[in-house]
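Summary of the model geometry
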Amino acid sequence: MNPIVEFCVSNIVNGAQEAFEKLDRDPNLDVLEYGCLSYCTKCAETLYALVNGEIVEADTPEELTRKVYEFIEENPLF
């Protein structure tokens, strides 16, 4: 089972697109895009993704990508 990384389409438009695209190319991740993840305040303030249901946030797409991979490494599924 691959880690699940979820993005809000509004957050992608607000700057997370580069992180979304890079993570989506990783065959070891299941990257999903939703119309809304119901974290509107967080979405308006920062870049974020849900990784296995937990919020990972950052100031830049590069930092978000790095933090997603760090979270996965520190919180294995098995």
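As shown above, the structure is provided for reference.
As a starting point, this report considers the structure included with it. Quantities reported herein were computed from a predicted structural model and do not represent experimental measurements. (Residues numbered from 1 in each chain as written. Predicted model: local features only at pLDDT ≥ 70, side-chain atom pairs only at ≥ 80, totals over all residues. Heavy atoms only, no water.)

Counted according to the given criterion, the structure contains three salt bridges. One salt bridge connects Lys42 with Glu57, and the closest N-O pair in it is separated by 3.1 Å. With Lys42 in helix α2 (residues 40-45) and Glu57 in strand β4 (residues 54-58), this pair connects stretches of sequence that are 15 residues apart. A salt bridge links Glu70 to Arg66; the shortest N-O distance between them is 2.9 Å. One end of the pair, Glu70, and the other, Arg66, are both in helix α3 (residues 61-74), four residues apart, so they sit about a helical turn from each other. On the basis of relative accessible area, Glu70 is assigned to the partly exposed category, the value being 33%. Its relative accessible area of 42% is what places Arg66 among the partly exposed residues. (Salt bridge = Lys/Arg side-chain N within 4 Å of Asp/Glu carboxyl O. Helix = DSSP H or I, 4+ residues; strand = E, 2+ residues; numbered from the N terminus. Buried < 20%, exposed > 50% of the residue type's maximum accessible area, 1.4 Å probe, protein only.)

Attention shifts here to the pairing of strand β3 (residues 47-51). The element β3 is extensively covered by neighbouring structure, given that five of its five residues are classed as buried. With burial as the criterion, each face of β3 is covered, one bearing Leu47, Ala49 and Val51 and the other bearing Tyr48 and Leu50. Here strand β1 (residues 4-8) runs beside β3; their pairing, made up of two bridges, is antiparallel. The residue of β3 that forms the bridge with Glu6 is Leu50. As paired elements, β3 and β4 share five bridges and run antiparallel to each other. Within β4, the residue paired with Leu47 across the bridge is Ala58. Two successive antiparallel strands, β3 and β4, enclose a turn made up of two residues, where Asn52 displays a positive phi of approximately 50 degrees. (Pairing = 2+ DSSP bridges.)

Fair warning: the whole summary comes from geometry, so function is off the table for now.
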